[in-house]
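# Coordinate inspection notes
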Amino acid sequence: MKKALALLLAVLMLATLLAGCGGNTNPETPAADTSAADGEPAAINFDEEPYEVSIQFVGLFEENKNIANVEAALSAITKEKINCTVDIVPVFIGDLPTTTSLGVAGDEKLDIVVAGLTSPLDTMVNNEILLPLDDLLETRGQGVKAVTEHVAAAQKINGVTYAVSGYPYAAMSGGFVYNKTLADQFGIDMHDGMTAEELTAAAAKCAENGVYFTTFGSSSQLNYKFLWGGDYFGTGGAFGGILNPAESTTVVNVFDSQEYRDYWKMIKSWNDAGYLPADQLTDTTSVQEYFSQQHIFGTSTAFTPNQIAVWLNPNFETGIIRTGEPSISTAGAVEFMLGIAANCKRPDKAMDLINLIYTDADVANLLQYGVEGTDYAPVEGTENVITYDGTENADHNSYYASFVHYGDPTMLKIVAPLTDSFYDELKAFENEAKYSQTFGYTFDGTPFSAEAGAIGSLLEQYLPALNAGQVADVDAAVDELVAALNAAGMQDAIDANQAALDAWLAENK
Amino acid sequence: MKQDKKKKRNFKQWIPFYLMGLPGLIYLFINNYLPLAGLQIAFKNFSYTKGMWDSPWVGFKNFKFLFRTADSWIMIRNTLCYNIAWIILSAIVGVTAAILINEVVGKLKKKFYMTAILLPYLMSMVVIAYLVYAYLSPTAGLFTKWLERLTGTAPAFYQESKWWPFILTFVNQWRNLGFGMILYMSTILGIDPSLYEAATLDGATRWQQHKNITIPLLIPTVVMLLILSLGQVFRSDFGLFYQVPMNQGSLYGVTQTIDTYVYRALLKNNDVGMSSAASFVQSVVGFLFIVGANKIVSKLDKSSALF
Amino acid sequence: MVNTGKGWKIAANIVMILCSFLALAPFVLLIIASFTDETVALMNGYSYLPEKWSLSAYEYIVSQASMLGRAYLMTILVTAIGTSVGVIITALLGYMLSNRNLPGRRLLNLYVVFTMLFNGGLVPTYIMYVKTFAVKNTIFGLIVPNLLMSAFLVMLVRNYFENSIPQDLYEAARIDGASEFQTFFRVALPLSTPILATIGMMMGIAYWNDWQNGLYYLNDAGKNLYTIQNILNNINDNIAFLASNATSGVNLADLPTTTVRMAIAVVGILPILVLYPFFQKYFAKGITMGAVKG
């Protein structure tokens, strides 16, 4: 037996050795052409062969039949302007994290990658999937720098920029999207700034008419987008949060807050009164489906000027209300970003393309909406409004970007039913929004990864029932959750977070 | 059995054997041994750029999250208890089913039974979870409704944890019955029919035949499967414990296993180092169990030992 | 009842009918659910007699994947190649290990069993296959990684060769002057059809149901190689993603339905059911060992 084990060990060592030879031998950092002096925009070299820049295009599993034509149209422009061609790489959203990280690990062709959408920026930076961009932005990315300037602080991790915001309008408020046809029928007055009492009254009316008010499913996400904003640190608030971030800089355990207790009590009262489906927790039907099948009246969502477009349905009229004040937080600004893969062979060309996306309306529109006439059609009588109806893209299988957003939103065309006034609404909403005091601050939770794991598991365990209002006693359940969270070391993480935040504030304010 | 006949052959005679095994051994070397260098990820702060060799060491930090929760004991207990109970149960159920299906006469009947019983094995756990829900759902469950009609009340299955050890055991056995049956059946088919003929001539009853021929000849297979299963004693069928109970918090006491905990803990920021660490622990425990079991078995009957 | 075993036959049939019922009842529900109207399923749950039938789940699958036909062919091809190669190398290795006198047998057994316990994880496996063996976007990426051979099946075959085939038969063949390869092909293989059918079926099912290799080793450039499970899994993942990210932006018109999952399962399972009876003849035939011996 001993001999066998020793031999096995020898095999193992041999295997390890061989793997080492074939493995990742210290990849040299790609030779970025950043030779140009700092601050001086670098010139484009038109003498070399055009480099093909790949860019991730995240969607659902559906065919993008027209993608080759879009690439050709794009490449025609980019060849002339920045001497490169474009390869649009469709990635199905469920595969995105695996595709990107394995692509870097396997040193495959990857240039412009999507960050923040399915993996948080700090996680990607921690795993060293992204390339630092500051030098490149300085020399070749002045255009994108200008567009994303006001959210630049949030793009940095420990002072280094790793990705640029894909949608630089980061203002958001709580919102509630609802079935307007039903609201009119039931005589419910839905308006901006509805209070908890008014919503409860609306819920009662829905129940009288045999429609559930809303459902939360078995979600373990925080429902903070519903009634108030807030800054949350770590996934799901594992390292604490600030409930009133425009004024306060005190990090608390949000689950222990009076606001959350009150909110959960309200939801419980809704559940007890039958305003919510009884089998929320076990039902795997998605909220969207409930909504489109008209089994629920509405659902909580983040409010932005174009959010309503997401919820449209051919069978009824959709409405949306704001339930809170707009705010701009770090988390909101980094939800969708573009970065450059760590193993990119030509970061300079990748940055050239990113810059062009943010400065050239034709490039941005091609990438976002495809070819005019085939993939979308302009709406008559408008300046910039387009529609998919009546084109090959009516079923969204010609060229359709479900989850990505390229470039400056004020340069892009507007999809009906939004109107030409959308640009103004967007800017007004952004200007109205208050920045959170901690805007630009991120907490490096690496030392607390063990705690974050344990906390994540506890939140999965307790939050769905609380969020659905299906607990016998809210206070008892919250006390139990908080005790468990503290046993898992949450308070230590919050204290460390507060100390880091105080130091950051002292330095930056 | 024939050990006494052992002849010392010179090495040259063995070369054809080694050649036969070679393709398989090479495949295992490439597919399983080469990537083992990745075990070090469990002890490192993994960076995709630096790769597994140049990422910095962090000692046992990645293992901490497994023991940072108050529920460590519960998930270890659940994993071990379900596994050990099911290993034993599967052997009994599988052997019984295999013996019974061999008693069935008629090609068509046999084919029908085998096809039907294998069906659950072909379904994914996600689909099984939906089906279980279709039977047990509190509002529209077929089984709940039937119970209600019969007894007036029906339990809220997805809220009461006391039912789940039985539900999970049932689903597990139901799904794997076909697999186990075929496995043992192929061994039974290999039994020399003349043994039964001789026994019949001696006037042995069917029961005696099974007791004295079938079961003893199945023992090596049973023992081998037992030892091999013990290697997986710290692992669990993720889908069964996560999807089938619909991830209900109130059921965690009886449904949380090491795998579901790791999944829940790393759900949002899939940390390669931490998941490697968890898998490493599972492997080491499995290895200890398998070596221990093998040692015990080889003491009892040397020929049944795995290695 | 003594000797004839009539009571056994009746008991066996009763138990098997019961087991078959337990297995079939949910399967029938699965098929019916896939044909149930979405709204009805939402309101009343699934039932054996839905109030309204509908084909929309299947229409959705077809609309999402115009490449279903090619994907089926790919699946069949991958399953056929993978299973045949796998069965051969598994049987050969099992045969080698079954020889009790083989020098180094214990170590080799441990070498095989060890692979069941420890694995390097996805990332190192992926790096090796992609960088060293360049399987990305090739059919090898679907066949080779992880599925070609499993230690469990090797042990199963080894056990069969060792315990179910009389060692005398091997000796007899050798004494007749047969080479080891001849002994293997003429004596061992013909006597082991039940176990070969078993492992062949297990491997076939594993290949048929596999979507992970496609997920890791194929990307957009290799989508011509997608198997049916890749497509079904992607649709399934769509649903799962949308369900867990209730507020993220996606147009409602794109939404798949819950009955689609049932339809997906049916589409994935039915072909196996068609092929399964062919395998079964090897089980039913049993072994004609007496004849070989005589």
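As a starting point, this report considers the structure included with it. Just so it is clear, the structure is predicted and the values come from calculations on it, not from any experiment. Here, residues in each chain are numbered from 1, in the same order as that chain's written sequence. The lettering of chains begins at A and the numbering of ligands begins at 1, in the order of writing. It should be noted that, the model being predicted, local features are given only for residues of pLDDT at least 70 and side-chain atom pairs only at 80 or more, the latter also being counted only at that level, while totals for whole chains, interfaces and linings use all residues.

Let us now look at the overall build of chain A. Helix numbers and strand numbers start at the N terminus; a helix is a DSSP run of H or I with at least 4 residues, a strand a run of E with at least 2. What chain A contains, in helices and strands, is 18 helices and 17 strands. For this measure, only C-alpha atoms enter the radius of gyration; the expected value for a globule follows 2.2 Å times N^0.38, where N is the number of residues. Taking 23 Å as the expected radius of gyration for a compact globule of 509 residues, we find that chain A reaches 25 Å, a close match to that expectation. Its C-alpha atoms give chain A principal-axis dimensions of about 80 × 70 × 55 Å. The proportion of buried residues among the 509 residues of chain A is 54%. Any two residues are considered in contact once their C-beta atoms, placed from the backbone, lie within 7 Å. Intrachain contacts of chain A at a sequence separation of at least 6 include 78% that bridge at least 24 residues. Neighbour counting defines burial: a residue surrounded by 20 or more other C-beta atoms within 10 Å of its own C-beta is buried, one with 12 or fewer is exposed, and intermediate counts give partly exposed, using backbone-placed C-beta atoms.

The subject of this paragraph is the sheet that holds strand S11 (residues 318-322) of chain A. Residue and element names in this part refer to chain A. Taken in spatial order, the three strands line up as S10-S7-S11 in an open sheet, and their pairing is antiparallel. Two strands close off the open sheet at either side, each with one partner strand: strand S10 (298-303) and S11. Averaged over neighbouring strand pairs, the angle between their axes works out to 30° when direction is ignored. Pairing between strand S7 (residues 173-179) and S11: five bridges, direction antiparallel. Looking across to S11, one finds that Gly175 is bridged to Arg322. Only strands joined by at least two bridges in the DSSP assignment are considered to pair. The convention used is that axes are lines fitted to C-alpha atoms, helices contributing only their stretch in contact, and that angles between N-to-C directions extend from 0 to 180 degrees.

If you trace the three strands from one edge of the open sheet to the other, you get S14-S15-S16 (chain A), paired in mixed fashion. In this open sheet, the two strands that pair with only one neighbour each are strand S14 (377-378) and strand S16 (414-415) of chain A.

We now examine the pairing of strand S1 (residues 51-59) of chain A. Residue and element names in this part refer to chain A. The element S1 is largely enclosed, with a buried count of seven among its nine residues. As judged from the nine bridges shared by S1 and strand S2 (residues 84-92), these two strands associate in the parallel manner. Pairing of Val53 across the sheet is with Val86, part of S2.

For the rest of this paragraph, the subject is the interface of chain C and chain B. Counting residues at the interface gives 85 residues for chain C and 83 residues for chain B. The leading source of residues in the side of chain C that touches chain B is helix H1 (residues 6-34) of chain C, at 15 residues. Under the convention adopted here, Pro, Cys and the residues Ala, Val, Leu, Ile, Met, Phe, Trp and Tyr are nonpolar, Asp, Glu, Lys and Arg are charged, and Gly plus all remaining residues are polar. A breakdown of the residues in the side of chain C that touches chain B according to their chemical character gives 53 nonpolar, 27 polar and five charged.

As a further point, take the nonpolar core. To define a nonpolar core, we join buried Ala, Val, Leu, Ile, Met, Phe, Trp, Tyr and Cys residues through C-beta atoms within 7 Å and take the resulting set. Ranked by size, the top nonpolar core spans 326 residues in total, and within it Leu130(A), Leu353(A), Ile354(A), Ile101(B) and Val113(C) carry the most contacts. With seven residues, the next largest nonpolar core counts Tyr369(A), Tyr376(A), Tyr388(A) and Val415(A) among its residues.

A word on the packing of helix H4 (residues 72-103) of chain B against H1(C). Across the interface, H4(B) lies against H1(C) with an axial gap of 8 Å and an inter-helix angle of 120°. In terms of axis orientation, H4(B) runs oblique to H1(C). The handedness of the crossing between H4(B) and H1(C) is left-handed. Contacts between H4(B) and H1(C) involve Leu100(B), Ile101(B) and Glu103(B) on the former and, on the latter, Trp8(C), Lys9(C), Ala12(C), Val15(C) and Met16(C). Taken together, the residues that form the contact of H4(B) with H1(C) break down as six nonpolar, no polar and two charged. When an angle is under 35 degrees it counts as roughly parallel; over 145 it counts as roughly antiparallel; between 65 and 115 it counts as roughly perpendicular; any other value is oblique. For any helix crossing, the convention is left-handed if the near helix is rotated counterclockwise from the far helix by under a right angle, and right-handed if that rotation is clockwise.

Here we come to the environment of Val123(C). If you trace the backbone, Val123(C) turns up in helix H6 (residues 122-132). If we skip the residues at most four places from it in the chain, Val123(C) touches Ala105(A), Gly38(B), Ile41(B) and Val272(B).

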